[in-house]
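Spelled out, the chains give:
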Amino acid sequence: MAVIPTVTGLSTGARLLSVPRTLATAAIASPSSLSLNKGYYPVKRRITILPVRKLVIRAARTESKGVSLGFRAPNFELSEPLTGKVWKLDDFEAYPALLVMFICNHCPFVIHLKKDIVKLSNFYMKKGLAVVAISSNSVVTHPKDGPEFMAEDAKLFKYPFPYLYDESQEVARDFGAVCTPEFFLFKKDGRRPFELVYHGQFDDSRPSTNVPITGRDLSLAIDCVLSGQPVSSTQKPSIGCSIKWNPGGKQ
């Protein structure tokens, strides 16, 4: 019996597991083992058919982390693929609060929340909240997250907020963003810079669970900010797909 060695490889966002397999060696009758009086017989082969193995690919789950409350919103200047307009942090200076979301097109965690993100944004934008979404995913590894498809997504889901493209990925690094979706809620006190008061989850719902989508955690934080109340520092991190960094670039 010949043993085929196992190989365990890692690919982005998934682990491929292989199981040791044995393959029966073909039994072949050699001329020396055959009777010369009876002549040559047909060669008999014994072949083992291996079962088909299923590879299970799991999306990489990443938690938002590493950014402390009180963090000042970094400046940015990004283009909106749908309209071609360039947006800056200064464009939101007149608002009492700003919600910055790092999202993308393909992530199942984002897809799970898209319609409810739109509902929440529509509701609170009427109350004075400024909202902006940013995609920083690499188009080298994930071309469907590129500007053309971002514009289609914004139109399809009727995003009421600008959906901006962070091609260099510098804005994601400046914010300390690591996953999609990731939510940064800032408050504004007069002429002072935007200050981070919430960096947590939308709610407890996740794809493939029976937990209903409510937006409870993020809504409570927004309600506090818009009413001038302090936001609780007890915050559950957002969980989603890791941001897809450009190959060979710094992360």
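For the structure itself, consult the block above.
Keep in mind the model is a prediction, meaning the values are calculated, not measured. (Residues numbered from 1 in each chain as written. Predicted model: local features only at pLDDT ≥ 70, side-chain atom pairs only at ≥ 80, totals over all residues. Heavy atoms only, no water.)

Asks: Residue-level account of the overall build of the protein, with values.
Replies: Along the backbone of the protein there are four helices and 14 strands. For the protein, buried positions account for 39% of its 251 residues. Accessible surface for the protein amounts to roughly 14700 Å². Of this, 56% is attributable to carbon and sulfur atoms. (Helix = DSSP H or I, 4+ residues; strand = E, 2+ residues; numbered from the N terminus. Buried < 20%, exposed > 50% of the residue type's maximum accessible area, 1.4 Å probe, protein only. Areas by Shrake-Rupley, 256 points an atom, 1.4 Å probe, with all protein chains shown as cover.)

Asks: Summarise helix α4 (residues 216-226); cite the residues concerned and give the values.
Replies: Among all positions of α4, only D217, L218, S219, A221, I222 and V225 are buried. In this fold, the buried residues of α4 make contact with β8 (97-102), α1 (108-125), β9 (129-135), β12 (182-187) and β13 (195-198). With its phi angle positive at about 80°, G228 sits one or two positions after the end of α4. (Contact = heavy atoms within 4.5 Å.)

Asks: Residue-level account of the packing of aromatic side chains, with values.
Replies: Under the counting rule described, the total for this entry stands at 12 aromatic pairs. Measuring from ring centre to ring centre gives 5.8 Å for F102 and F184, while their planes differ by 75°; the resulting arrangement is edge-to-face. Of this pair, F102 sits in strand β8 while F184 is found in strand β12, placing the two residues 82 residues apart along the sequence. Taking the relative accessible area as the measure of exposure, F102 reaches 0% and is therefore buried. Between F183 and F202, the aromatic rings sit 5.8 Å apart at their centres with planes inclined by 35°, giving tilted as the arrangement. Taken as a pair, F183 in strand β12 and F202 in the loop between β13 and α4 lie far apart in primary sequence, 19 residues in all. Here the basic side chain of K85 rests over the ring of W87, its NZ or CZ set 3.8 Å away from the ring centre. Lying across the ring of F194, K188 places its NZ or CZ 5.8 Å from the centre. (Phe/Tyr/Trp six-rings, centres within 6.5 Å; stacked < 30°, edge-to-face > 60°. Lys NZ or Arg CZ within 6 Å of the ring centre and 35° of its normal.)

Asks: Please give an account of the environment of D166 that cites residues and values.
Replies: Along the chain, D166 falls in the loop between β10 (163-165) and α3 (170-175). Judged by relative accessible area, which is 1%, D166 ranks as buried. A C-alpha to C-alpha distance of 8.9 Å links D166 and E77, two positions 89 residues apart in sequence. The contact partners of D166, leaving out residues within four places of it in the chain, are L78, I134, S135, S136, V171 and A172. Here the side chain of D166 touches S136 through a polar contact of 2.7 Å, side chain to side chain. Among the polar contacts listed, one links the side chain of D166 to the backbone nitrogen of Q169, at a separation of 3.1 Å. (Polar contact = N/O pair within 3.5 Å; in protein donor to acceptor, adjacent residues only side chain to side chain.)

Asks: Please provide a residue-by-residue account of unusual backbone geometry, values included.
Replies: Residue P181 follows T180 across a cis peptide bond; omega there is 0°. Within the secondary structure, P181 sits in the loop between β11 (179-180) and β12. In this model, Q169 sits at a positive phi of 70°, which is unusual for a non-glycine residue. Of note, Q169 is situated in the loop between β10 and α3.

Asks: An account of the pattern of salt bridges is needed here, citing residue identities and associated values.
Replies: Within this structure, the stated rule accounts for six salt bridges. E195 serves as the salt-bridge partner of R72, at 3.5 Å between the closest nitrogen and oxygen. Residue R72 is found in the loop between β5 (61-63) and β6 (77-79), and its partner E195 is found in strand β13; the two are separated by 123 residues along the sequence. Linking D189 and K187 is a salt bridge whose minimum nitrogen-to-oxygen distance equals 4.0 Å. Given the relative accessible area of 38%, D189 is considered partly exposed. (Salt bridge = Lys/Arg side-chain N within 4 Å of Asp/Glu carboxyl O.)

Asks: Account for helix α2 (residues 147-156), naming residues and giving values.
Replies: Buried within α2 are the following residues: M150, A151, D153 and A154. Along the long axis of α2, the arc covered by the buried residues comes to 160°, so they all point the same way. Exposed and oriented more than 90 degrees from the buried face of α2 are E148, K155 and L156. Buried residues along α2 sit in contact with α1, β9 and β10. Of the residues flanking the end of α2, it is K158, one or two places downstream, whose phi is positive at about 55°. (Arc of directions from axis to C-beta.)

These values are about where atoms sit, not about what they do.
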